[in-house]
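# Remarks on the overall topology
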Amino acid sequence: MSVLVFADTSEGIYKKSTLETVSYAKAISDLLGSELVAVSMNATDNTALQNYGANQIVNVQSASLNNKQYAATLTQIAKEKNSTVVVLGNNAIGNSVAPLIAAQLKAGYTSNVVAVPINTAPFTVVRKNFSGKAFGQTQILSEVKVIGLAKNSFGIVEKPTTATVTDFQATETNTTLASVSVDKNSGKIAIADADIVVSGGRGLKEASNFSLIEDLAEVLGAATACSKPVSDMGWRPHSEHVGQTGKPVAANLYIAVAISGAIQHLAGVNASKTKVVINTDPEAPFFKAADYGIVGDAFEVVPKLIEKLKAFKAENA
Amino acid sequence: MKILVCISHVPDTTSKINFNNELTEFDTNGVQFVINPYDEFALTRAIWFQEKQGAKVTVVHVGDASTEPTLRKCLAIGADDAIRIDAVPTDGFFVAQQLAEIYKQGEYDLILTGKESIDYNGAMVPGLLASFLDIDFVNACISLEIDGTTATAETEIDGGTETFTANLPLVVAGQKGLVEEKDLKIPNMRGIMMARKKPLSIVAPVEATAVTEIERFEKPAQKAACKMIDANDVDQLIELLHNEAKVI
Ligand SMILES: Cc1cc2nc3c(=O)[nH]c(=O)nc-3n(C[C@H](O)[C@H](O)[C@H](O)COP(=O)(O)OP(=O)(O)OC[C@H]3O[C@@H](n4cnc5c(N)ncnc54)[C@H](O)[C@@H]3O)c2cc1C
Ligand SMILES: Nc1ncnc2c1ncn2[C@@H]1O[C@H](COP(=O)(O)O)[C@@H](O)[C@H]1O
């Protein structure tokens, strides 16, 4: 018996969210008293996984794989390692691969899980429902369980071990999917990876005013985001739209500038730990959901904030 | 080209979420149900293929009779026919098995879905379906073109986008970007009248088992009141973010 975790990399390096997923999988393997097997994809140094509790590292080096090839590879390893739980992060790859593995292993899959199982028999997890407006305790009834971990819900926990490392050849599968091009948002921080997200709403009045958001994001090393109408009007790209029907945000700090805080917006950003709101309207609903609020004009407050933050950063560098 | 669009029926995005029976049941009282927003994008794209490339669009839904207004709305928007599998959608595994059966009977070229239902946020039906049918799958699709039997699909990946080609049949799970907001259709009178005459068939479910079960719901904890900071004192905000929240 074992717990299997998918340790994906970006340019050879494990992202923070991957280390969180591995830490989480370790906690499950401790609960079950079984070994943690980490499947490492294209890492330059897979021994890093030993710091987070992997007992076995299965090293896969391969040119870019599509979701079906990832799923076939992970499924084969899960079978060989007799895995009863397979853990993936709810990022773009995890989201498309997890259900494919679940189908192959005839396993129940729960995405958006926010904590270690509250019970292992029956196996019960807590997951986000209704776009974060509620949580659901869900039992997985099948023998094998597939779990998707919501980002920033467990944290990174170091648990040094010594792991055995074996190489594994990616499993062949019939597929017609062929990647023709990849377009990375170079130089920009992705919302999904960001610790801090700075977001602008319709109150900023026009596209050019988003330089305020970009400047604030730059001092903070943050990703930029926006409300739905802002991307609908083409002031910002669709990929920056956050909320119930846009990207989910689970950052450490979310700063909302000139965003009213409609229920659909809040549903997607509420999982962030600390929320700051800057809005001219003291009645804006967002203040009810925020931790810190400033009633004021963004065009005055934000430049001041940028200036003071620069001074703060210079002092604390 | 025959397109199957899978429709999930969900509470309107403005719904207040409450539970009954000691937090075991979603309270539908006063809740307005709508087409899942991602599925509406998928349906809108399917209708574009119908108008521009002569595709036939069938919508399918697993649900009881109470969901029929949602299917009628899909017909009013322009779908050619609808299928309702008469069963309560207990979990994604169950739903995907039902949909797989419909696919096998209909010889469709393309299955379009949303990437996630906004109620239970399973994000699994399209992937499960593709895998059960052993056909290729594109998730989180933001642009889709079909040329003969080849699809070109752009999808969101972590930190960017990736474009794939694939042969039909294919499962594509759509999200925002797949169509422009302005192209979403509000049913007009003619559409609504025509929808009444379009075929809506009701089929019995096949034997299938659910592998997950929701036991109980919880509402997020009430949060403390927002600390208000004077607009002339942004230093205080920086101080609080640094020393209290410890996020900068
Ligand atoms: C099906 C559906 C799905 C949706 N999904 C989403 C979603 O995922 N994400 C999302 O964001 N929305 C979503 N919406 C839209 C949502 O209902 C709101 O319309 C939207 O969030 C409002 O955006 P906003 O706050 O930027 O604009 P507004 O509501 O227009 O608010 C602008 C705010 O700016 C403030 N303001 C104006 N001038 C200034 C200034 N100079 N300085 C400071 N503040 C100022 C105003 O007081 C106001 O509060 C959805 C709606 C529907 C129907
Ligand atoms: N009951 C259902 N009937 C038909 N299609 C569904 C149903 N539930 C989910 N789907 C489809 O699967 C997608 C993902 O749903 P889910 O896996 O439930 O998050 C939805 O956007 C729909 O396209």
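Residues numbered from 1 in each chain as written. Chains lettered and ligands numbered in written order. Predicted model: local features only at pLDDT ≥ 70, side-chain atom pairs only at ≥ 80, totals over all residues. Heavy atoms only, no water.

## Focus on the overall build of chain A
For chain A, the count of helices and strands is eight helices and 18 strands. Over its C-alpha atoms chain A spans a radius of gyration of 21 Å, differing by no more than 12% from the 20 Å that the globule rule assigns to 317 residues. In terms of overall dimensions, chain A has a C-alpha envelope of 60 × 45 × 40 Å along the principal axes. Going through the 317 residues of chain A one by one, you find that 59% of them count as buried. Across chain A, the fraction of contacts at a sequence separation of at least 24, relative to all contacts at a separation of at least 6, is 62%. When the accessible surface of chain A is summed, it comes to about 12,300 Å², and 50% of that surface belongs to carbon and sulfur atoms. With 27 positive and 27 negative side-chain charges, chain A shows a spacing of 6 Å between the two charge centroids. (Helix = DSSP H or I, 4+ residues; strand = E, 2+ residues; numbered from the N terminus. Rg over C-alpha atoms; globule rule 2.2 N^0.38 Å. Buried < 20%, exposed > 50% of the residue type's maximum accessible area, 1.4 Å probe, protein only. Contact = heavy atoms within 4.5 Å. Areas by Shrake-Rupley, 256 points an atom, 1.4 Å probe, with all protein chains shown as cover. Lys, Arg positive; Asp, Glu negative; His and termini not counted. Charge placed at Lys NZ, Arg CZ, Asp CG, Glu CD.)

## Re the sheet that holds strand E12 (residues 170-174) of chain B
Spatial ordering of the open sheet is given by E13(A)-E11(B)-E10(B)-E9(B)-E12(B)-E8(B)-E1(B)-E6(B)-E7(B)-E13(B), a layout of 10 strands whose pairing is mixed. Sheet topology places strand E13 (178-184) of chain A together with strand E13 (200-203) of chain B at the edges, where each strand pairs with a single neighbour. Taking the axes of each pair of neighbouring strands and ignoring which way they run, one obtains an average angle of 30° across the sheet. Bridging between strand E1 (residues 2-6) of chain B and strand E6 (residues 56-62) of chain B involves five bridges; their strand directions are parallel. Each bridged residue has a counterpart across the sheet, and for Leu4 of chain B the counterpart in E6 of chain B is Thr58 of chain B. Against the sheet, helix H2 (residues 68-77) of chain B contacts E6, strand E7 (81-85) and E13 of chain B, and its axis sits at roughly 160° relative to E7 of chain B. (Pairing = 2+ DSSP bridges. Axes fitted to C-alpha atoms, helices over the stretch in contact; angles between N-to-C directions.)

## Observations regarding the nonpolar core
Within the largest apolar cluster, 56 residues are counted, with the highest numbers of intra-cluster contacts made by Leu4, Leu88, Ile101 and Val146 of chain A together with Val60, Leu99 and Leu129 of chain B. By residue number, the principal contributor to this core is helix H3 (residues 92-106) of chain B, which donates eight residues. Among all residues touching Leu99 of chain B, those that are not within four sequence positions of it are Cys6, Val60, Val62, Ile85, Val125 and Leu129 of chain B. Counting 41 residues, the second-largest nonpolar core is a separate cluster that includes Leu177 of chain A together with Ile35, Ile118 and Leu178 of chain B. (Core = buried A, V, L, I, M, F, W, Y, C linked by side-chain atoms within 4.5 Å.)

## Here we look at the interface of chain A and chain B
It is common to report an interface's size as the accessible area lost on association of the parts. Opposite the 85 residues of chain A that make contact, chain B presents 75 residues. Taking both partners together, chain A and chain B bury about 6,800 Å²; carbon and sulfur atoms supply 57% of that area. Interface area lost by chain A to chain B is led by Phe130, Gln137 and Tyr292 of chain A, which between them contribute 12%. Residue Glu181 of chain B is joined to Lys228 of chain A by a salt bridge in which the shortest nitrogen-to-oxygen separation is 2.6 Å. (Buried area = accessible area lost by both parts, 1.4 Å probe. Salt bridge = Lys/Arg side-chain N within 4 Å of Asp/Glu carboxyl O.)

## Some points on the sheet that holds strand E17 (residues 274-279) of chain A
Spatial ordering of the open sheet is given by E15(A)-E14(A)-E16(A)-E17(A)-E18(A)-E15(B), a layout of six strands whose pairing is parallel. Pairing within the sheet leaves two strands with one partner each, and these edge strands are strand E15 (223-226) of chain A together with strand E15 (227-229) of chain B. With direction set aside, neighbouring strand axes in the sheet form an average angle of 20°. By the bridge criterion, five bridges tie strand E16 (residues 253-257) of chain A to E17 of chain A in an arrangement that is parallel. Within the sheet, the bridge partner assigned to Val257 of chain A lies in E17 of chain A and is Ile278 of chain A.

## Here we look at the pattern of salt bridges
Within this structure, the stated rule accounts for 21 salt bridges over all chains. Here Lys223 of chain B and Asp291 of chain A are joined by a salt bridge, their closest N and O atoms 3.7 Å apart. Of this pair, Lys223 of chain B sits in the loop between strand E14 (212-218) and E15 while Asp291 of chain A sits in the loop between helix H7 (286-289) and strand E18 (292-295), which puts the two residues in different chains. Judged by its relative accessible area of 31%, Lys223 of chain B falls in the partly exposed class. Looking at Asp291 of chain A, the relative accessible area reads 21%, which means it is partly exposed.

## Focus on the site of ligand 1
Neighbouring ligand 1 are 27 residues, the closest being Ser227, Ser260, Gln264, His265 and Asn279 of chain A. Bordering ligand 1 are residues originating from chains A and B. The side chain of Gln264 of chain A places a nitrogen or oxygen atom 2.6 Å from an oxygen atom of ligand 1. For ligand 1, the protein covers 77% of the area, taking 980 Å² as the surface of the free molecule. Elements supplying a minimum of two residues to the shell around ligand 1: helix H5 (228-232), helix H6 (263-269) and helix H8 (298-316) of chain A. Within the shell around ligand 1, the residues separate by chemical class into seven nonpolar, 15 polar and five charged. (Near = heavy atom within 4 Å. Polar contact = N/O pair within 3.5 Å; in protein donor to acceptor, adjacent residues only side chain to side chain. Nonpolar A, V, L, I, M, F, W, Y, C, P; charged D, E, K, R; others polar.)

## Points about the environment of Ala208 of chain B
Residues and elements named next belong to chain B. Looking at where Ala208 falls in the secondary structure, it is placed in the loop between E13 and E14. Given a relative accessible area of 17%, Ala208 falls into the buried group. Along the sequence, Ala208 and Gln97 sit 111 residues apart, while their C-alpha atoms lie 6.7 Å from each other.

## What about H2 of chain B?
Residues of H2 of chain B that are buried include every one of Thr70, Leu71, Cys74, Leu75, Ala76 and Ile77 of chain B, and no others. Following H2 of chain B by one or two positions, Gly78 of chain B has its phi on the positive side, about 140°.

## Structural notes on the site of ligand 2
Residue and element names in this part refer to chain B. By nearness alone, 20 residues border ligand 2, and Cys6, Asp39, Ser117, Ala123 and Met124 come closest of all. With respect to ligand 2, the backbone of Ile7 contributes an N or O atom lying 3.2 Å from a nitrogen atom. For ligand 2, an oxygen atom lies 2.4 Å from a polar atom in the side chain of Asp39. Considering ligand 2 on its own, with 480 Å² of exposed area, one finds that the protein chains cover 94% of that surface. At the level of secondary structure, the elements contributing two or more residues to the shell around ligand 2 comprise E6, H3, strand E8 (110-114) and helix H4 (125-133). When residues of the shell around ligand 2 are assigned to their parent elements, the largest contribution, three residues, is made by E6. Grouping the amino acids of the shell around ligand 2 by side-chain chemistry returns 11 nonpolar, seven polar and two charged.

## Some remarks on the domain arrangement of chain A
Residues and elements named next belong to chain A. Split by domain assignment, chain A resolves into domain 1 (2-168) and domain 2 (191-315). Contacts between domain 1 and domain 2 engage seven residues on the former and 13 residues on the latter. Counting each side, the surface lost to burial between domain 1 and domain 2 is near 800 Å², with a carbon and sulfur contribution of 31%. The three residues of domain 1 that bury the most area against domain 2 are Ser131, Lys151 and Asn152, which together make up 57% of that side's buried surface. Summed over the shared surface of domain 1 and domain 2, the number is two salt bridges. Seen at the junction of domain 1 and domain 2, the total is six residue pairs in polar contact (both at pLDDT 80 or more). Per-class residue counts for the side of domain 1 that touches domain 2 are no nonpolar, two polar and five charged. (Domains from an automatic or database assignment.)

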